[in-house]
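Tertiary structure, described
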Amino acid sequence: MAEGAVEGPRLSELLAAGRRLWEEVETGAEPSSGAPAVQDKVRQGLEALQRAAAMVAQLDLFSENEELEEIASADLKYLLLPALLGALTLKQVDLSRRLEHLESARAHFWRFLKLCRSYGLGSFHLPPAAASPPGEEDAGSPCPGGPAAAQPSLVAMASSRQAKIERYKQKKELENRLASMRTFVEGGQADEDQIREFYILQIQKWINTSLEEIESIDQEMVILRSRGTAKQSSAPPHGTSRQARTPLKPFILTRDAAQAKVFGAGYPGLPTMTVDDWYEQRRRQGVVAGQSTPQRAPAITDEELQKQQQEKKEEEDDEEALQKARNWDDWKDTHPRGYGNRQNVG
(Lines give C-alpha, C1' and ligand atoms only; values in the text may rest on other atoms or scores of the structure.)
Protein backbone atom coordinates (compact mmCIF):
# COMPACT_ATOMS: atom_id res chain seq x y z
CA MET A 1 0.00 0.00 0.00
CA ALA A 2 1.18 3.51 -0.63
CA GLU A 3 1.83 5.61 2.44
CA GLY A 4 -0.35 8.44 1.25
CA ALA A 5 -3.30 6.08 0.86
CA VAL A 6 -3.23 4.84 4.44
CA GLU A 7 -2.10 7.79 6.49
CA GLY A 8 -2.51 11.47 6.71
CA PRO A 9 -0.12 13.91 8.26
CA ARG A 10 -1.99 13.52 11.53
CA LEU A 11 -1.00 9.87 11.97
CA SER A 12 2.65 10.43 11.14
CA GLU A 13 2.76 13.49 13.39
CA LEU A 14 1.31 11.52 16.31
CA LEU A 15 3.89 8.77 15.93
CA ALA A 16 6.72 11.28 15.58
CA ALA A 17 5.55 13.23 18.65
CA GLY A 18 5.23 10.11 20.79
CA ARG A 19 8.62 8.80 19.75
CA ARG A 20 10.29 12.17 20.33
CA LEU A 21 8.82 12.44 23.83
CA TRP A 22 9.99 8.92 24.66
CA GLU A 23 13.53 9.74 23.53
CA GLU A 24 13.52 12.94 25.64
CA VAL A 25 12.43 10.96 28.71
CA GLU A 26 14.90 8.15 28.02
CA THR A 27 17.93 10.40 27.44
CA GLY A 28 16.80 13.44 29.43
CA ALA A 29 18.99 15.30 31.91
CA GLU A 30 16.36 15.33 34.66
CA PRO A 31 17.78 13.87 37.93
CA SER A 32 14.58 11.93 38.64
CA SER A 33 12.04 10.25 36.39
CA GLY A 34 9.37 11.32 38.89
CA ALA A 35 9.92 15.01 38.22
CA PRO A 36 6.70 16.77 37.16
CA ALA A 37 8.23 17.85 33.83
CA VAL A 38 9.25 14.26 33.03
CA GLN A 39 5.88 12.79 33.97
CA ASP A 40 4.16 15.45 31.90
CA LYS A 41 6.15 14.28 28.87
CA VAL A 42 5.23 10.68 29.66
CA ARG A 43 1.55 11.57 29.78
CA GLN A 44 1.69 13.53 26.52
CA GLY A 45 3.65 10.79 24.78
CA LEU A 46 1.18 8.11 25.86
CA GLU A 47 -1.75 10.18 24.61
CA ALA A 48 -0.13 10.70 21.21
CA LEU A 49 0.82 7.04 20.78
CA GLN A 50 -2.59 5.81 21.92
CA ARG A 51 -4.33 8.02 19.39
CA ALA A 52 -1.97 6.80 16.68
CA ALA A 53 -2.57 3.15 17.63
CA ALA A 54 -6.33 3.71 17.49
CA MET A 55 -6.03 5.17 14.00
CA VAL A 56 -3.86 2.25 12.83
CA ALA A 57 -6.43 -0.23 14.16
CA GLN A 58 -9.26 1.68 12.48
CA LEU A 59 -7.41 1.63 9.16
CA ASP A 60 -6.67 -2.09 9.61
CA LEU A 61 -3.11 -1.36 8.55
CA PHE A 62 -1.65 -4.71 9.63
CA SER A 63 -3.00 -8.23 9.43
CA GLU A 64 -1.58 -11.54 10.64
CA ASN A 65 -2.67 -13.16 7.37
CA GLU A 66 -0.44 -11.06 5.12
CA GLU A 67 3.27 -11.30 4.39
CA LEU A 68 5.98 -8.81 5.28
CA GLU A 69 6.49 -7.96 1.59
CA GLU A 70 2.89 -6.75 1.40
CA ILE A 71 3.55 -3.92 3.87
CA ALA A 72 4.69 -0.66 2.31
CA SER A 73 8.16 0.45 3.41
CA ALA A 74 6.84 3.73 4.80
CA ASP A 75 4.23 1.86 6.90
CA LEU A 76 6.71 -0.41 8.67
CA LYS A 77 7.43 2.22 11.29
CA TYR A 78 3.89 1.88 12.68
CA LEU A 79 4.69 -1.64 13.81
CA LEU A 80 6.69 0.02 16.62
CA LEU A 81 3.61 1.62 18.21
CA PRO A 82 2.92 -1.18 20.79
CA ALA A 83 6.61 -1.33 21.81
CA LEU A 84 6.78 2.45 22.30
CA LEU A 85 3.56 2.34 24.33
CA GLY A 86 5.04 -0.34 26.57
CA ALA A 87 8.27 1.62 27.06
CA LEU A 88 6.46 4.83 28.02
CA THR A 89 4.03 2.98 30.30
CA LEU A 90 7.02 1.75 32.34
CA LYS A 91 8.11 5.37 32.85
CA GLN A 92 5.10 6.10 35.05
CA VAL A 93 6.04 6.36 38.73
CA ASP A 94 2.74 6.03 40.59
CA LEU A 95 3.66 3.35 43.14
CA SER A 96 0.04 2.68 44.09
CA ARG A 97 -0.61 1.60 40.48
CA ARG A 98 2.75 -0.03 39.77
CA LEU A 99 1.35 -3.52 39.27
CA GLU A 100 -1.30 -2.16 36.92
CA HIS A 101 1.35 -0.33 34.87
CA LEU A 102 3.52 -3.44 34.69
CA GLU A 103 0.64 -5.54 33.40
CA SER A 104 -0.27 -2.89 30.82
CA ALA A 105 3.32 -2.51 29.61
CA ARG A 106 3.75 -6.27 29.36
CA ALA A 107 0.58 -6.53 27.26
CA HIS A 108 1.92 -3.86 24.87
CA PHE A 109 5.27 -5.60 24.47
CA TRP A 110 3.59 -8.98 23.97
CA ARG A 111 1.30 -7.64 21.22
CA PHE A 112 4.34 -6.16 19.48
CA LEU A 113 6.23 -9.47 19.64
CA LYS A 114 3.19 -11.42 18.46
CA LEU A 115 2.80 -9.11 15.47
CA CYS A 116 6.50 -9.39 14.62
CA ARG A 117 6.33 -13.16 14.98
CA SER A 118 3.43 -13.36 12.54
CA TYR A 119 5.46 -11.42 9.94
CA GLY A 120 8.59 -13.51 10.52
CA LEU A 121 10.60 -10.60 11.90
CA GLY A 122 13.32 -12.08 14.09
CA SER A 123 13.88 -15.54 15.52
CA PHE A 124 12.68 -15.77 19.13
CA HIS A 125 10.33 -17.70 21.43
CA LEU A 126 7.11 -15.81 22.14
CA PRO A 127 6.55 -15.48 25.93
CA PRO A 128 3.20 -16.43 27.49
CA ALA A 129 0.38 -13.96 26.94
CA ALA A 130 0.18 -13.17 30.68
CA ALA A 131 2.60 -13.48 33.55
CA SER A 132 2.03 -16.60 35.64
CA PRO A 133 0.92 -16.02 39.24
CA PRO A 134 3.43 -16.85 41.98
CA GLY A 135 3.85 -20.58 42.52
CA GLU A 136 2.69 -21.58 39.03
CA GLU A 137 5.01 -22.72 36.29
CA ASP A 138 5.48 -20.65 33.17
CA ALA A 139 3.47 -22.29 30.42
CA GLY A 140 5.86 -21.03 27.77
CA SER A 141 9.09 -22.26 29.34
CA PRO A 142 10.54 -25.71 28.72
CA CYS A 143 10.25 -28.21 31.53
CA PRO A 144 13.16 -30.62 31.20
CA GLY A 145 13.72 -33.37 33.72
CA GLY A 146 10.12 -34.18 34.55
CA PRO A 147 9.77 -34.26 38.36
CA ALA A 148 13.02 -32.36 38.77
CA ALA A 149 11.52 -29.34 37.02
CA ALA A 150 10.60 -27.83 40.36
CA GLN A 151 14.30 -27.09 40.87
CA PRO A 152 16.27 -24.67 38.66
CA SER A 153 17.77 -26.51 35.71
CA LEU A 154 21.44 -25.78 35.12
CA VAL A 155 20.96 -26.42 31.42
CA ALA A 156 18.04 -23.97 31.27
CA MET A 157 19.98 -21.35 33.23
CA ALA A 158 22.97 -21.68 30.93
CA SER A 159 20.72 -21.48 27.88
CA SER A 160 19.03 -18.35 29.22
CA ARG A 161 22.37 -16.73 29.97
CA GLN A 162 23.65 -17.53 26.48
CA ALA A 163 20.47 -16.10 24.94
CA LYS A 164 20.96 -12.86 26.87
CA ILE A 165 24.55 -12.58 25.65
CA GLU A 166 23.47 -13.13 22.06
CA ARG A 167 20.69 -10.55 22.38
CA TYR A 168 23.13 -8.03 23.81
CA LYS A 169 25.60 -8.53 20.96
CA GLN A 170 22.84 -8.31 18.38
CA LYS A 171 21.46 -5.17 19.99
CA LYS A 172 24.82 -3.43 19.86
CA GLU A 173 25.32 -4.42 16.22
CA LEU A 174 21.88 -3.14 15.29
CA GLU A 175 22.48 0.17 17.06
CA ASN A 176 25.70 0.69 15.15
CA ARG A 177 24.03 -0.04 11.80
CA LEU A 178 21.09 2.22 12.62
CA ALA A 179 23.39 5.07 13.61
CA SER A 180 25.15 4.88 10.27
CA MET A 181 21.89 4.86 8.28
CA ARG A 182 19.91 7.42 10.27
CA THR A 183 21.41 10.44 8.58
CA PHE A 184 20.55 9.25 5.06
CA VAL A 185 16.99 8.18 5.96
CA GLU A 186 16.02 11.22 8.00
CA GLY A 187 17.71 13.52 5.49
CA GLY A 188 15.66 12.10 2.62
CA GLN A 189 18.73 10.78 0.76
CA ALA A 190 17.93 7.04 1.14
CA ASP A 191 16.07 5.02 -1.44
CA GLU A 192 13.12 2.73 -0.69
CA ASP A 193 15.28 -0.33 -0.04
CA GLN A 194 17.41 1.58 2.47
CA ILE A 195 14.29 2.97 4.16
CA ARG A 196 12.83 -0.52 4.41
CA GLU A 197 16.05 -1.94 5.83
CA PHE A 198 16.27 0.93 8.33
CA TYR A 199 12.77 0.29 9.71
CA ILE A 200 13.27 -3.48 9.84
CA LEU A 201 16.48 -2.97 11.82
CA GLN A 202 14.56 -0.74 14.24
CA ILE A 203 11.91 -3.42 14.67
CA GLN A 204 14.55 -6.09 15.35
CA LYS A 205 16.20 -3.84 17.93
CA TRP A 206 12.88 -3.37 19.70
CA ILE A 207 12.25 -7.12 19.63
CA ASN A 208 15.34 -7.62 21.81
CA THR A 209 14.28 -4.73 24.04
CA SER A 210 10.77 -6.15 24.44
CA LEU A 211 12.07 -9.60 25.41
CA GLU A 212 14.33 -8.05 28.05
CA GLU A 213 11.55 -5.84 29.40
CA ILE A 214 9.07 -8.72 29.67
CA GLU A 215 11.62 -10.77 31.61
CA SER A 216 12.26 -7.86 33.97
CA ILE A 217 8.52 -7.15 34.33
CA ASP A 218 7.77 -10.77 35.25
CA GLN A 219 10.40 -10.69 38.00
CA GLU A 220 9.07 -7.44 39.44
CA MET A 221 5.48 -8.65 39.32
CA VAL A 222 6.39 -11.77 41.32
CA ILE A 223 7.91 -9.53 44.02
CA LEU A 224 4.93 -7.17 44.13
CA ARG A 225 2.41 -10.01 44.29
CA SER A 226 4.33 -11.78 47.05
CA ARG A 227 4.36 -8.55 49.05
CA GLY A 228 0.62 -8.23 48.60
CA THR A 229 0.11 -11.81 49.74
CA ALA A 230 2.33 -11.25 52.79
CA LYS A 231 0.33 -8.17 53.78
CA GLN A 232 -2.95 -10.04 53.47
CA SER A 233 -1.68 -12.96 55.55
CA SER A 234 -0.34 -10.67 58.28
CA ALA A 235 -3.61 -8.77 58.57
CA PRO A 236 -6.22 -10.32 60.94
CA PRO A 237 -9.06 -12.06 59.07
CA HIS A 238 -12.24 -10.05 58.83
CA GLY A 239 -14.75 -10.88 61.54
CA THR A 240 -12.35 -12.87 63.72
CA SER A 241 -11.53 -10.14 66.20
CA ARG A 242 -12.02 -10.94 69.85
CA GLN A 243 -15.62 -10.58 70.92
CA ALA A 244 -16.11 -7.54 73.07
CA ARG A 245 -17.29 -8.41 76.56
CA THR A 246 -20.27 -6.62 78.01
CA PRO A 247 -18.86 -3.77 80.10
CA LEU A 248 -19.61 -4.03 83.80
CA LYS A 249 -21.70 -1.31 85.33
CA PRO A 250 -20.15 0.48 88.32
CA PHE A 251 -21.11 -0.89 91.71
CA ILE A 252 -19.90 -1.02 95.35
CA LEU A 253 -18.33 -4.31 96.46
CA THR A 254 -19.06 -5.08 100.16
CA ARG A 255 -17.91 -7.80 102.51
CA ASP A 256 -21.35 -9.01 103.50
CA ALA A 257 -25.06 -8.37 103.16
CA ALA A 258 -25.10 -5.96 106.12
CA GLN A 259 -22.61 -3.62 104.47
CA ALA A 260 -24.52 -3.95 101.21
CA LYS A 261 -27.64 -2.63 102.95
CA VAL A 262 -25.74 0.23 104.58
CA PHE A 263 -23.94 1.40 101.44
CA GLY A 264 -27.01 0.84 99.32
CA ALA A 265 -29.02 3.12 101.54
CA GLY A 266 -26.37 5.84 101.26
CA TYR A 267 -26.01 5.51 97.47
CA PRO A 268 -29.48 4.70 96.11
CA GLY A 269 -28.33 5.30 92.49
CA LEU A 270 -25.39 2.88 92.72
CA PRO A 271 -26.06 -0.86 93.15
CA THR A 272 -24.22 -2.90 95.75
CA MET A 273 -23.36 -6.58 95.97
CA THR A 274 -21.40 -8.89 98.21
CA VAL A 275 -18.19 -10.63 97.18
CA ASP A 276 -20.13 -13.88 96.76
CA ASP A 277 -22.69 -12.19 94.49
CA TRP A 278 -19.93 -10.63 92.40
CA TYR A 279 -18.08 -13.93 92.06
CA GLU A 280 -21.27 -15.74 91.02
CA GLN A 281 -22.03 -13.07 88.41
CA ARG A 282 -18.56 -13.36 86.92
CA ARG A 283 -18.88 -17.16 86.81
CA ARG A 284 -22.15 -16.90 84.84
CA GLN A 285 -20.43 -14.55 82.37
CA GLY A 286 -17.76 -17.18 81.74
CA VAL A 287 -14.89 -15.11 83.12
CA VAL A 288 -14.12 -17.69 85.82
CA ALA A 289 -15.57 -20.70 84.02
CA GLY A 290 -14.63 -24.11 85.40
CA GLN A 291 -14.08 -22.84 88.94
CA SER A 292 -16.42 -23.39 91.80
CA THR A 293 -17.48 -20.60 94.10
CA PRO A 294 -15.38 -20.72 97.25
CA GLN A 295 -17.25 -21.62 100.40
CA ARG A 296 -17.40 -18.77 102.88
CA ALA A 297 -18.55 -18.67 106.47
CA PRO A 298 -22.03 -17.27 107.05
CA ALA A 299 -21.90 -13.51 107.15
CA ILE A 300 -22.48 -11.78 110.53
CA THR A 301 -23.37 -8.18 111.21
CA ASP A 302 -21.13 -5.62 112.94
CA GLU A 303 -23.56 -5.42 115.86
CA GLU A 304 -23.33 -9.14 116.54
CA LEU A 305 -19.54 -8.98 116.26
CA GLN A 306 -19.29 -6.21 118.89
CA LYS A 307 -21.58 -8.10 121.23
CA GLN A 308 -19.45 -11.24 120.97
CA GLN A 309 -16.27 -9.28 121.72
CA GLN A 310 -17.85 -7.63 124.77
CA GLU A 311 -18.99 -10.98 126.19
CA LYS A 312 -15.54 -12.46 125.65
CA LYS A 313 -13.92 -9.54 127.45
CA GLU A 314 -16.22 -9.87 130.41
CA GLU A 315 -15.48 -13.57 130.70
CA GLU A 316 -11.76 -12.94 130.81
CA ASP A 317 -12.04 -10.45 133.72
CA ASP A 318 -11.26 -12.33 136.96
CA GLU A 319 -12.05 -11.36 140.56
CA GLU A 320 -8.50 -10.20 141.26
CA ALA A 321 -8.79 -7.53 138.58
CA LEU A 322 -12.14 -6.48 139.96
CA GLN A 323 -10.70 -6.25 143.50
CA LYS A 324 -7.81 -4.05 142.36
CA ALA A 325 -10.23 -1.76 140.63
CA ARG A 326 -12.38 -1.45 143.75
CA ASN A 327 -9.34 -0.72 145.99
CA TRP A 328 -8.22 1.99 143.60
CA ASP A 329 -11.61 3.63 143.77
CA ASP A 330 -11.55 3.57 147.58
CA TRP A 331 -8.06 5.06 147.68
CA LYS A 332 -9.13 7.97 145.49
CA ASP A 333 -12.01 8.70 147.83
CA THR A 334 -9.69 9.19 150.86
CA HIS A 335 -6.74 10.89 149.12
CA PRO A 336 -7.30 14.18 147.35
CA ARG A 337 -5.66 14.87 144.02
CA GLY A 338 -2.00 15.92 144.36
CA TYR A 339 -1.48 14.03 147.63
CA GLY A 340 2.20 13.33 148.27
CA ASN A 341 3.44 16.02 145.91
CA ARG A 342 5.95 17.76 148.20
CA GLN A 343 7.11 20.18 145.50
CA ASN A 344 3.52 21.27 145.02
CA VAL A 345 3.82 20.69 141.32
CA GLY A 346 0.50 18.99 140.79
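Residues numbered from 1 in each chain as written. Predicted model: local features only at pLDDT ≥ 70, side-chain atom pairs only at ≥ 80, totals over all residues. Heavy atoms only, no water.

**Observations concerning the overall build of the protein chain**
To keep it simple, the criterion reads: By the criteria applied, helices consist of DSSP H or I runs no shorter than four residues and strands consist of E runs no shorter than two, each listed in order from the N terminus. Contacts were defined at the residue level, with two residues in contact if any of their heavy atoms lie within 4.5 Å. For the accessible areas, the method is Shrake-Rupley and the probe is 1.4 Å, while residue cover comes only from the protein chains on display.
Of regular secondary structure, the protein chain possesses 11 helices and two strands. In sequence order, the secondary structure elements of the protein chain are arranged as α-α-α-α-α-α-α-β-α-β-α-α-α. Pairs at least 24 apart in sequence give 64% of the contacts found in the protein chain among residues at least 6 apart. Accessible surface computed for the protein chain: about 24,200 Å², of which carbon and sulfur atoms make up 52%.

**Remarks on the side chain of Arg19**
Using the following cut-off: Think of a polar contact as two N or O atoms within 3.5 Å of one another; within protein, one of them needs to be a possible hydrogen donor and the other a possible acceptor, and neighboring residues in sequence only count if both atoms come from side chains.
Positionally, Arg19 belongs in helix 2 (residues 9-26). In this structure the side chain of Arg19 is engaged in a polar contact, spanning 3.3 Å, whose partner is the side chain of Gln202. The residues contacting Arg19, other than those within four sequence positions of it, are Leu49, Leu80, Leu84, Gln202 and Trp206.

**Things to note about the pattern of salt bridges**
Heads up, the condition is: Take a side-chain nitrogen of Lys or Arg and a carboxyl oxygen of Asp or Glu: if they are within 4 Å of each other, that pair is a salt bridge. Exposure categories follow from relative accessible area, calculated using a 1.4 Å probe and restricted to protein chains: below 20% of the type maximum is buried, above 50% is exposed, and the middle band is partly exposed.
Applying the stated criterion to the full structure yields 14 salt bridges. When the shortest N-O distance is used, the salt bridge between Asp40 and Arg43 registers 2.5 Å. With Asp40 and Arg43 both in helix 3 (residues 36-59), this residue pair falls three residues apart, about one helical turn. A relative accessible area of 41% places Arg43 in the partly exposed class. When the shortest N-O distance is used, the salt bridge between Glu103 and Arg225 registers 3.4 Å. Here Glu103, found in helix 5 (residues 98-118), pairs with Arg225, found in helix 7 (residues 192-234); they are 122 residues apart in sequence, far enough to count as distant.

**Some points on the layout of surface pockets**
As a reminder of what qualifies: Only protein atoms enter the 1 Å grid used here. Points where a 1.4 Å probe fits but cannot escape make up a cavity, open sets with protein on both sides within 12 Å along at least five of seven lines make up a pocket, and a residue lines them when an atom lies within 4 Å of a point. Grid points are joined across faces, edges and corners, and a volume is the space filled by probe spheres set on the points. Three categories are distinguished: nonpolar for Ala, Val, Leu, Ile, Met, Phe, Trp, Tyr, Cys and Pro, charged for Asp, Glu, Lys and Arg, and polar for the others, with Gly belonging to the last.
Taken as a whole, the second largest pocket holds about 300 Å³ of empty space. Taken together, 14 residues line the second largest pocket, and the ones lying closest to its centre are Arg19, Lys77, Glu186, Tyr199 and Gln202. With six residues, the top contributor of residues to the lining of the second largest pocket is helix 2. Residue composition of the lining of the second largest pocket, by class: six nonpolar, two polar and six charged.

**Quick look at the packing of aromatic side chains**
Heads up, the condition is: Only the six-membered ring of Trp is used, alongside the rings of Phe and Tyr, when aromatic pairs are assigned; centres must lie within 6.5 Å, and planes under 30 degrees apart are stacked while those over 60 apart are edge-to-face, with the rest tilted. When the NZ atom of lysine or the CZ atom of arginine is within 6 Å of a ring's centre and also within 35 degrees of its normal, the charge is said to sit over that ring.
Counted by the stated rule, this structure contains two aromatic pairs. Positioned above the aromatic ring of Phe124, the side-chain terminus of Arg117 is 6.0 Å from the ring centre. Against the face of Trp206 rests Lys205, its NZ or CZ located 5.4 Å from the ring centre.

**Some points on the nonpolar core**
Spelled out, the test is: Definition used in this section: a nonpolar core is a set of buried Ala, Val, Leu, Ile, Met, Phe, Trp, Tyr and Cys residues joined via side-chain atoms within 4.5 Å.
One finds Phe62, Phe112, Leu121 and Ile207 to be the most contacted residues of the largest nonpolar core, which totals 54 residues. Those elements giving two or more residues to this core turn out to be helix 2, helix 3, helix 4 (81-89), helix 5, helix 6 (154-186) and helix 7. It is helix 7 that contributes the most residues to this core, 11 residues altogether. Beyond its immediate chain neighbours, meaning those up to four positions away, Phe62 contacts Val56, Ile71, Asp75, Tyr78, Leu79, Leu115 and Tyr119.

**What about the environment of Leu113?**
As for its position among the elements, Leu113 is in helix 5. Classification of Leu113 as buried rests on a relative accessible area of 0%. For the pair Leu113 and Pro82, spaced 31 residues apart in the sequence, the C-alpha separation amounts to 9.0 Å. Ignoring sequence-local partners within four residues, the contact set of Leu113 consists of Phe124, Leu126, Pro127, Ile207, Ser210, Leu211 and Ile214.

**Things to note about the confidence of the model for the protein chain**
Applied cut-off: The quantity called pLDDT is the predictor's confidence in a given residue, expressed from 0 to 100.
Of all residues in the protein chain, 69% have pLDDT values of 70 or greater, and the mean over the chain is 77. Between the elements of the protein chain, mean pLDDT differs from a low of 46, seen in helix 1 (residues 3-6), to a high of 97, seen in helix 4. Contacts of residues 1-8 to residues separated by more than four positions or lying in other chains number 15 contacts, the stretch itself having pLDDT below 50. Long-range and interchain partners of residues 134-150, a stretch whose pLDDT sits below 50, account for 10 contacts in this model, where long-range means more than four residues apart.

**What to know about the packing of helix 5 against helix 7**
Rules: To get an axis, a line is fitted to the C-alpha atoms, and for a helix only the part in contact is used. The angle between two axes follows their N-to-C directions and goes from 0 to 180 degrees. Angular relationships are summarised with four words: roughly parallel below 35 degrees, roughly antiparallel beyond 145, roughly perpendicular across 65 to 115, and oblique for the angles in between. Here is the rule for handedness: rotate from the far helix to the near one, and if that takes an anticlockwise turn smaller than a right angle the crossing is left-handed, while a clockwise turn gives right-handed.
For the pair helix 5 and helix 7, the least separation of the axes is 9 Å and the interaxial angle reads 150 degrees. Considering the angle they form, helix 5 stands roughly antiparallel to helix 7. When you trace helix 5 past helix 7, the crossing you get is left-handed. Residue classes in the contact of helix 5 with helix 7 are distributed as 16 nonpolar, one polar and seven charged.

**Thoughts on the side chain of His108**
Here His108 shows up in helix 5. Only 2.7 Å separates the side chain of His108 from the side chain of Arg111, close enough to count as a polar contact. Discounting residues that sit within four places of it in the chain, His108 has contacts with Pro82, Leu85, Gly86 and Thr89.

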